[in-house]
Structures are given as structure tokens and as C-alpha cells.
Amino acid sequence: MFAAHTVICGAGILGLTIARELVRSGCEDIIIFDKEPEPGRHASGRNSGVLHAGIYYDPGTLKAKMCLEGNRRMQAYCEERGLPLFRSGKVIVARTEDELDTLDELERRAKANGALVEMVDERALAEIEPNAKTVNRALHSPLTSVVDPKRILKAMREELETSGKVRFFFETTFLGPGRDKVRTSQGDIGYTLFVNAAGAYSDKVAQTFGIAKNYRLLPFKGIYKVLKKPAADKIRGSIYPVPDIRNPFLGVHFTRSVHGEVYVGPTAIPAFGRENYGLLKGLDREFPSILLRDALMFLENEKFRTVALSEPRKYFFKHFFEDAAKLVRHLAPKDVLPSSKAGIRPQLVNIETGELVMDFVVEREGNTVHVLNSISPAFTSSMYFSELVVKEYLMKA
């Protein structure tokens, strides 16, 4: 049997940053295991790469507390290691007059969270992002940046392996808990502390330990398209819509990557599998239960019903294009090309209340700690969030 002081299930950004924080805190014996052959095969390596800047989140929530400092630390990490970093800035534009009140609320939240934002008029917006279109005013976030998630994951893996204090077990599937050990496809792994950072499967892992029974993760699919030149040259940074702040999704937007491509997306289409990246790819035997969960949410939750009715239409190019075109002055259908980029956002639902859980959730049970609902801005927040997990949950476990 293998063994380590701390065993982490999941080699996404949170698994890696928690391990990094543990090493910094003096832990010298860590195992990270993952069912995939390398870190970040799912949400961590498939996100847009945007480092958010503390705008959307209710003051007082973990998201609000973690985002800005997480942004700063991740930018510093990229600078120290020479990793790609594009200080793009972002504008949030109003598509109709009805959205202006929400835009003002975003400004209020951002300032309450200590974020640097400025409300600008249409003339100032044209100076910042000439092709962006808004009604009356827009919100400018100069601290929003873009990184290459895969390069960060690779650098962190190398850093942890070089420390001599972290071992990686890849292609190793979690099967269930034992007494101070976990059963895996590669054999048992003993632990003093166990961390569940399993992302889209964190609810399933937690429930084998007898906790989080009132939670389920529902997958939402984010599909992207890409702009071809010269249309791509008209986008300087990131252009976002005013979101429906009742839901945790930000809407289809434009993002210039660190490598120069301009992506359009993602959607937030209810998916039927935790790895359902294509139309049918990723469907498994959990499909019927996810479908039933979606159906119940559709009947019971108005906010989910709004998403379920509007987002699947974006599978069709016409609706996807119309959504994107509302944000810019000039865009033609021929400018928007297919992209293989797709991601799954595992959104936590409280099945007792039927509500989408809007904040990060961490639960401790004995000598195990479970990170649930690690959704956006989890990548942005990861370095600071991991410090909280280690200090408040692991060192006290």
C-alpha cells in the first residue's frame, strides 16, 4: 500500500495550489492522484484563461474575498516564471437600457470588494475598445488579465515535483474510502489527511465519506467559437455583456487570448454528462439521473428554467451569432468560425432548496476536507483560496 501524510484527489488547479501551499507550510509528504494522464484535463485546462478582478460577487462571499488577491498572486506567478500574461482589461457593456441598473449594481459590488473599476461613457469606451457597443455607459476593469492555464498547470507540476515533497499518481481512479486510506484503481493509498479536490466529481467523492448529501453537481457546457482576421484585429481585450446576476454565468463574450486568438463564448448549456464536451461525447450511465435532475430543476427553479430555455438555442449558429453581435459595432457571420474549444462548468445545486449554490463551499469531516463548487473564479482565486483551505481546514483538521 502507498501512503503519504496528505493525499489529494484531483490534479486540477486547486489540487496543485493546495499542495503548493502545504509545501510552503512545511508538509513534506504529499500524494496527488488523478484519473487522467496529466494535470488539468478538465475545467482547469479548458477555461478561457481570464483572471477576473472582483466585479460580480456579493461582498462578504468567499468569491469576493478571494478573487482580487488571487488575481494579483497569479499574475505575479506568471511574471516570476516568464509565463504568458496579457493585461487585457475588460469592458462590460449594456445591450439595453433595462440592463443599466444591473451595470450600476456591478459597479457597487466591485467597489465594495476593493476592485478598480470605472464607469465610462460611449466616447471613452470607444477609446478603450473601439468595436464595443453599449447603451449610454459601460464598466471598465483595467485589472482583468488573461493567462495560459495549461502553461500554469505545467509549471506548477514541475515546481511540485522538483520540491521532492510531492508525488503524482496519474491514471489512478478514486474507488472509495477505507479506514485512513482511499481505494484506487492502482491500489490503496493511506493518509493522515485527505483532500477532495475532484472538481466535477467532488460531490460524488464527498458522498462516499457520508457528507454533502444535500448537494449535487449539475454540468453546464461551454462551447466557443473563434474570430478570423481581420475581425479579430478589432478586439483589443475582453468585451463582456451585463450578466443576469441571479445566475452564476457571465454570458457569451469576446476574449483575446495570450496567444492572439479571439474567442467568442462560452455558452452555459445544461449538459448530460460531467465530461459531455460534444453533442453525445461524454455521455455515460449517469445520463438518466442528470436528465431527471435537470427536469426537476426546470420545474422548480425559475432561474435554472431561464438558462435551460435560452442557452441550448446557442447550439445553432444563428442564435449564437445574434447573442455575440449585440456586444460589438461590426461583426458578420463569416467572421465567426467553429472552434474545438469546449468546457464543462460543474455547478453545485442544493437539492433540498432547489437553488444553485453561488459561492465556494468547503466541508470538513474528521481528517478529510472536501472542496465543493470550485467554479469561476476558482482558477483566478486558487492561490489565495488554497491558503484559506490549508490554514482554516487542513492545519486544524
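An unreviewed UniProt entry annotates the protein chain as Aminobutyraldehyde dehydrogenase of Pseudodesulfovibrio indicus. You can read under Cofactor (unreviewed entry) in the UniProt record for the protein chain the words "FAD". Its UniProt record gives the protein chain the following Sequence similarities (unreviewed entry) comment, quoted word for word: "Belongs to the L2HGDH family."

Neither face of strand β14 (residues 238–241) is exposed, since Ser238 and Tyr240 on one face and Ile239 and Pro241 on the opposite face are all buried. Note that strand β5 (residues 90–93) and β14 share four bridges and pair parallel. Among the inter-strand pairings, Ile92 is bridged to a residue of β14, identified as Tyr240. Here β14 pairs with strand β15 (residues 253–256) via two bridges, running antiparallel. Bridging across to β15, Ser238 finds its partner in Thr255.

Across all of its chains, the model carries 13 aromatic pairs by this definition. Relative to Phe169, the ring of Phe2 has its centre 4.9 Å away and its plane inclined at 75 degrees; by these criteria the two rings are edge-to-face. With Phe2 in strand β1 (residues 2–9) and Phe169 in strand β9 (residues 166–169), the pair connects residues that are 167 residues apart, well separated along the chain. Residue classification places Phe2 among the partly exposed positions, given a relative accessible area of 38%. Note on Phe169: relative accessible area 15%, which makes it buried.

Ile8, Ile18, Ile30, Ile32, Ile152 and Leu394 are the most contacted members of the largest nonpolar core, which has 41 residues in total. Every element with two or more residues in this core is listed here: α1 (13–24), β2 (30–33), α3 (62–81), α6 (149–162), β9, β12 (187–196), β21 (368–372) and α11 (378–394). The contacts of Ile30, once residues within four sequence positions are left out, are Ala4, Thr6, Ile8, Ala19, Leu22, Val23, Lys165, Val166 and Arg167. Counting residues in each nonpolar core, the second largest holds 22 residues, with Val120, Ile235, Ala324 and Ala325 among its members.

You'll often see interface size given as the accessible area lost when the parts meet. Under the domain assignment used here, the protein chain contains domain 1 (3–44 + 150–216 + 356–394) and domain 2 (98–143 + 217–355). For domain 1 and domain 2, the distance between their C-alpha centres works out to 28 Å. Contacts between the two partners involve 23 residues from domain 1 and, on the opposite side, 24 residues from domain 2. Both sides together, the interface formed by domain 1 and domain 2 hides about 2100 Å², and carbon and sulfur atoms give 59% of it. Considering only the surface of domain 1 that becomes buried against domain 2, Asn214, Arg216 and Leu356 emerge as the three largest contributors, covering 39% of it. Viewed at the interface, domain 2 and domain 1 are joined by two salt bridges. The closest approach of N and O atoms between Asp203 and Arg274, which form a salt bridge, is 2.7 Å.

Our next topic: the pairing of β21. The buried fraction of β21 amounts to five of the five residues, a majority that puts the element mostly inside the structure. The pairing of β12 with β21 spans three bridges and is parallel. Note on β21: the bridge partner recorded for Val195 is Val369. As paired elements, strand β20 (residues 361–365) and β21 share five bridges and run antiparallel to each other. When the sheet's bridge partners are listed, Val362 is paired in β21 with Val371.

Definitions and cut-offs
- Residues numbered from 1 in each chain as written.
- Predicted model: local features only at pLDDT ≥ 70, side-chain atom pairs only at ≥ 80, totals over all residues.
- Heavy atoms only, no water.
- UniProt positions renumbered as here; feature names shortened; annotations may be inferred.
- Buried < 20%, exposed > 50% of the residue type's maximum accessible area, 1.4 Å probe, protein only.
- Helix = DSSP H or I, 4+ residues; strand = E, 2+ residues; numbered from the N terminus.
- Pairing = 2+ DSSP bridges.
- Phe/Tyr/Trp six-rings, centres within 6.5 Å; stacked < 30°, edge-to-face > 60°.
- Core = buried A, V, L, I, M, F, W, Y, C linked by side-chain atoms within 4.5 Å.
- Contact = heavy atoms within 4.5 Å.
- Domains from an automatic or database assignment.
- Buried area = accessible area lost by both parts, 1.4 Å probe.
- Salt bridge = Lys/Arg side-chain N within 4 Å of Asp/Glu carboxyl O.

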